[in-house]
Amino acid sequence: MDANLFVINCGSSSLKLAVFDDQHRKRASALAERLNSNDAFARIAGSEQPVPLPSGASHETALSTLIKVLKDQRIMANDPFAIGHRVVHGGETFREAALLDDETIAAIEDCASLAPLHTPVNLAGISAARRLFPSVPQVAVFDTAFHQTLPPKAFLYALPESYYRDWAVRRYGFHGTSHYFMVQEAARRLGRTPVTTSIISAHLGNGCSITAIRNGISVDTSMGLTPLEGLVMGTRSGDVDPGLFDFLAGKGISAEELNEVLNKQSGLLGLSGQTNDMRSLCDLADRGHEPSALAIEIFCFRLAKYVGAMMVSLTSLDALVFTGGIGENSARVRQQTVSHLQLMGFQIDTELNEAHGAHNQGHVESGGSRFPVLVIPTNEELVIAQESSRLATNSST
Ligand code: ADP
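As the structure is a prediction and not an experimental result, all values here were calculated from the model. Residue indices follow the written sequence of each chain, beginning from 1 at its first position. Where local features are concerned, this predicted model is filtered to residues with pLDDT of at least 70; where side-chain atom pairs are given and counted, the filter is 80 or more; whole-chain, interface and lining totals use all residues. Water and hydrogen atoms were dropped before computing side-chain values, which therefore reflect all heavy atoms in the structure.

**Some points on the overall build of the protein**
Heads up, the rule is: Elements are defined by DSSP. Helices are runs of H or I of four residues or more, strands are runs of E of two residues or more, and each kind is numbered from the N terminus. The globule rule used for comparison is 2.2 Å times the number of residues to the exponent 0.38, while the radius of gyration itself is calculated over C-alpha atoms. Only protein chains enter the area calculation, which uses a 1.4 Å probe; residues under 20% of their type maximum are buried, those over 50% are exposed, and those in between are partly exposed. We call two residues contacting when some pair of their heavy atoms lies within 4.5 Å.
Looking only at helices and strands, the protein has 15 helices and 13 strands in total. In terms of C-alpha radius of gyration, the protein reaches 21 Å, essentially the compact-globule figure of 21 Å for 397 residues. Evaluated residue by residue, the protein yields a buried proportion of 50% over its 397 residues. For the protein, the share of sequence-separated contacts (at least 6 apart) that also reach a separation of at least 24 residues comes to 62%.

Here is the structure:
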């Protein structure tokens, strides 16, 4: 009979479930949305029929309902042998994935003040899965863990040092699972080993971050204490002058309001006044909507500046890598970004770029480029499945 492994990713009102087999092949996936509201619903990937959920369904109800449907439809027969959870913040406690027990859960709770919106939701998913499968080993895989190798010069803010000592104020970085996957996959494609591979990895989805990876290890990254710092994103501003808080306080805008604006109403959405969706923005720009064209230009310019900044932490570079929904699919963003990097020797081949490097191992650089430029689809779920399987197997031997 088949052996299954679950990967669970809980957002504030959503739950994603992926089912892998013991060879880490994805067998099925499902998504529940609008949880805890009147119009909660779910869907199994590949099926037209929505899965009915009761009004106000919780993460636990969604999970148990989806598992029942997957079993009823014979998409899976057995309970999982391991469950992996995506957890956003592991603070300085977690440098790698961890097997979940009461002690590790308490340690995750201790990190909650660093990610007050995400941690309770991640813990809700963990509790639900533990109640449903009390004897199955469960593993937490942290978005921050890969960046715990940052040196102090990269992770400390130039603030009074007591802020770090007393309140753990520092740069943590996020999207670590994706950046980790990038260096594994780039190394494989370049015929190298990850520990001898140095890349700059740009993860461009709704959230965007860029990481310098030196010999397989994260040495600098653009996101900070929170995922707000760094690049321009879908609805997040990325870097702004911290003096903005005082200036806008003088205009009657509270820190709470400004935080909401910087996270939810800025970035591509704020600049274009239309949408946070890059594909729609490109369409608008093609039809002559100037604010959308400008939003894309600012996005690419900031990204290019950060590529330059990431070079500072490296002594050699094996590839600049693009990933995430935008990085994988937008030839325009890659082209506009690399056009700012000519002095550093990056050059893109238009045809390869338009084809997203398909049939070419992801390579989109031109013959004269000083460095390879790769397009690599991310696969965070696979990393979570691999890590969970490894730790669960170790725990039972
Ligand atoms: P998330 O961070 O939520 O996982 P994704 O990685 O799926 O998001 O990225 C979503 C972004 O990718 C959106 O801005 C979307 O418009 C963009 N995107 C997807 N396909 C394309 C495309 N063909 N061209 C430009 N942007 C695209």
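**Section: the UniProt feature "binding site: substrate" (unreviewed entry) in the protein**
What counts, and what does not: UniProt positions are given in the numbering used here, feature names are shortened, and annotations may be inferred rather than shown by experiment.
The UniProt feature table records "binding site: substrate" (unreviewed entry) at Arg86. Within the secondary structure layout, Arg86 lies in strand β6 (residues 80-87). Assessed through its relative accessible area of 22%, Arg86 is described here as partly exposed. Discounting residues that sit within four places of it in the chain, Arg86 has contacts with Ile8, Asn9, Asn122, Val141, Asp143 and Ile384.

**A few points about the state of the cysteines**
To keep it simple, the criterion reads: The criterion for a disulfide is a pair of cysteine sulfur atoms lying within 2.5 Å.
Within the structure shown, the criterion is met by zero disulfides. With no disulfide of its own, Cys10 lies closest to Cys111 among cysteine sulfurs, the gap being 18 Å. A relative accessible area of 4% means that Cys111 is categorised as buried.

**Things to note about the UniProt feature "active site" (unreviewed entry) in the protein**
The criterion, for reference: Here a polar contact is recorded for every N or O atom pair within 3.5 Å, except that within protein the pair must consist of a potential hydrogen donor and a potential acceptor, and residues adjacent in sequence are included only if both atoms are side-chain atoms.
UniProt feature "active site" (unreviewed entry): in the numbering of this structure it lies at Asp143. Within the element layout of this structure, Asp143 appears in the loop between β8 (138-142) and α4 (152-155). On the basis of relative accessible area, Asp143 is assigned to the buried category, the value being 3%. Every residue in contact with Asp143, bar those within four places of it in the chain, is listed here: Arg86, Val87, Val88, Gly173, Phe174, His175, Gly176 and Thr177. Engagement of the side chain of Asp143 in a polar contact is seen with the side chain of Arg86, the distance being 2.5 Å.

**Observations regarding the sheet that holds strand β4 (residues 41-44)**
Adjacent strands of a sheet pair through backbone hydrogen bonds, lying either parallel or antiparallel. Stated precisely, the cut-off is as follows: When DSSP finds two or more bridges between a pair of strands, those strands are recorded as paired. What counts as an axis is a line fitted to C-alpha atoms, over the stretch in contact for a helix, and the angles between N-to-C directions run from 0 to 180 degrees.
In spatial order, the strands read β5-β4-β3-β2-β1-β6-β8-β7; together these eight strands make up an open sheet with mixed pairing. In this open sheet, the two edge strands, each paired with only one partner strand, are β5 (50-52) and β7 (98-99). Inspection of the sheet shows strand β3 (residues 26-33) paired to β4 by four bridges, in the antiparallel sense. Among the inter-strand pairings, Leu31 is bridged to a residue of β4, identified as Arg43. Relative to β6, helix α15 (residues 380-395) is tilted by about 130°, and along the sheet it contacts β1 (4-10), β2 (15-21), β3, β6, β7 and β8.

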